[in-house]
Amino acid sequence: MDNGIKLYVVVPCYNEEEVLPETSRRMIELFNKMKSEGLIGGMSRIVFVDDGSKDKTWEIIDALAKAHTEIAGIKLARNAGHQNALLGGLMTVKDECDCAISIDADLQDDINVIPDMIKNYKEGYDVVYGVRNKRDTDTFFKRTTAIGFYKLMSAMGVNIVFNHADYRLMSRRALDALSDFPERNVFLRGMVPLVGYRSTNVYYDRNERFAGESKYPLKKMLSFAFDGITSFSISPIRLITALGAAVCVISIIMAVYALVEKLLGNAGMGWASLMMSIWFIGGVQLLSVGLIGEYIGKLYKEVKRRPRYIIEAYVNETDDAAKE
Ligand code: UDP
Ligand code: MG
């Protein structure tokens, strides 16, 4: 009987035929090393999730899964997108494993910190975030946009881990808690911190993608960032309310100004009344939109049906249990 930790590594793959042979080779190598060190048990798996690829990705995964016991494959019926593919993979394996690590197929994230993640897990951490040390290998553009993104998110009150992407370990109970988030707009970086439990970071240097090209063109990146903000923050709505209030204040100033001009005889027929109405109505409209937005924000929260709390421990010892 094998008592080691059952680790599942979940790897979403979209058109990754160029990287899969090398990725699987390196992962198997690491698995063998960790097994020989007793860090993980023999039942551990590397699970490739084919996210509706158009190339030979699934054929490769299928062949790998047949050739190596430690490799498994999941095929999604169509391209669901990185976050959905990842969540799909994690939810499929969560009842089979003790903990799962998610990582990209291109090995831009250093797999050599996986042993550190597992050590942290053994010490009792439920979530271990992989955090990038530096971004030398990213292009200037990717680096600045990414850093700007993290700053914007935290300015909007969204709790995400700085410089952490989707490279992380989650314990089984953390995965169970994650499964209680039934939302359709999946943004795992924002959801995992909401789960809670004890978490820590491991640091690594990000490499260059060793083959193939990024599956995240600018358009997808922008929509991802927009998704992240609108799924976690109603600050943009509050911004409208604030703007409405500001315009209302300006409308008072404009009213005084228009009246003075009128009394001084500088204003033409109808100018003062038009001026006052335009500013006042503009302010009232913006405030109303903001107010409606507040209700929509509340509705949005309700619709997501996120868990209101997650229980970490419940100590209630009976006398019998205490005696044991
Ligand atoms: N990916 C996916 N579905 C998609 C797009 C990407 O499963 O629709 C996977 C891709 O195969 C890779 C990971 O998501 O394993 C991250 O993509 P990529 O490395 O291209 O993003 P980047 O590192 O450039 O941000
Ligand atoms: Mg990548």
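As the structure is a computational prediction, the values presented were derived from the model and not from experiment.

What counts and how
- Residues numbered from 1 in each chain as written.
- Chains lettered and ligands numbered in written order.
- Predicted model: local features only at pLDDT ≥ 70, side-chain atom pairs only at ≥ 80, totals over all residues.
- Heavy atoms only, no water.
- Donors = N, O, S within 2.8 Å, 3.2 Å for Na, K, Ca; no water.
- Buried < 20%, exposed > 50% of the residue type's maximum accessible area, 1.4 Å probe, protein only.
- Pairing = 2+ DSSP bridges.
- Helix = DSSP H or I, 4+ residues; strand = E, 2+ residues; numbered from the N terminus.
- Axes fitted to C-alpha atoms, helices over the stretch in contact; angles between N-to-C directions.
- Contact = heavy atoms within 4.5 Å.
- Phe/Tyr/Trp six-rings, centres within 6.5 Å; stacked < 30°, edge-to-face > 60°.
- Lys NZ or Arg CZ within 6 Å of the ring centre and 35° of its normal.
- Near = heavy atom within 4 Å.
- Polar contact = N/O pair within 3.5 Å; in protein donor to acceptor, adjacent residues only side chain to side chain.
- Areas by Shrake-Rupley, 256 points an atom, 1.4 Å probe, with all protein chains shown as cover.
- Nonpolar A, V, L, I, M, F, W, Y, C, P; charged D, E, K, R; others polar.

S.K.: For this particular structure, what's the right way to read the coordination of the magnesium ion (ligand 2)?
M.R.: Ideal geometry at a metal centre gives angles of 109.5 degrees when four donors are arranged tetrahedrally and 90 or 180 degrees when six donors are arranged octahedrally. Coordination of the magnesium ion (ligand 2) by the protein involves Asp106 (OD) and Gln108 (OE1), with metal-donor separations of 1.9 Å. Taking relative accessible area as the criterion, Gln108 reaches 11% and is therefore assigned buried.

S.K.: Is there a simple way to explain the sheet that holds strand S3 (residues 71–75) in this structure?
M.R.: For sheets, the rule is that strands pair by backbone hydrogen bonds, running either parallel or antiparallel. Strands sit in the order S3-S2-S1-S4-S6-S5-S7 across an open sheet of 7 strands; the sheet is mixed. Every other strand in the sheet has two partners, leaving S3 and strand S7 (199–204) as the edge strands with one partner each. Strand-to-strand twist in this sheet, taken as the mean axis angle between neighbours without regard to direction, amounts to 20°. Both strand S1 (residues 7–13) and strand S4 (residues 99–102) contribute to a ladder of 4 bridges, which runs parallel. Each bridged residue has a counterpart across the sheet, and for Val10 the counterpart in S4 is Ser102. Seen against the sheet, helix H7 (residues 188–195) touches strand S5 (127–132) and strand S6 (164–171) and runs at an angle of roughly 35° to S6.

S.K.: Looking at this structure, I do not really get the packing of aromatic side chains. What am I missing?
M.R.: Two measures describe an aromatic ring pair: the distance that separates the ring centres and the angle between the ring planes. Summed over the entire model, instances satisfying the criterion amount to 8 aromatic pairs. Ring plane angle 35° and centroid distance 6.5 Å describe the contact between Phe149 and Phe224, whose orientation is recorded as tilted. A residue pair is termed long-range when its members are at least 10 positions apart, and Phe149 in helix H5 (residues 140–155) and Phe224 in helix H8 (residues 218–232) qualify at 75 residues. Since its relative accessible area comes to 11%, Phe149 is described here as buried. Residue Phe224 is classed as buried on the basis of its relative accessible area, which comes to 13%. Each residue in the set Phe149, Tyr150, Phe162, Phe187, Phe224 and Phe232 is aromatic and connected to the rest through ring pairs, giving one cluster. Taking the ring centre of Tyr197 as reference, the NZ or CZ of Arg173 above it sits at 4.2 Å.

S.K.: Can you help me understand the site of ligand 1 in this one?
M.R.: The environment of ligand 1 is made up of 19 residues, and the closest members are Glu16, Asp51, Asp106, Ser214 and Lys215. Within the side chain of Arg206, an N or O atom sits 3.1 Å from an oxygen atom of ligand 1. In the complex, the protein chains occlude 95% of the 540 Å² of accessible area that ligand 1 would expose alone. For the shell around ligand 1, a count of residues per class yields 5 nonpolar, 5 polar and 9 charged.

What is shown is where atoms sit, not what they do.
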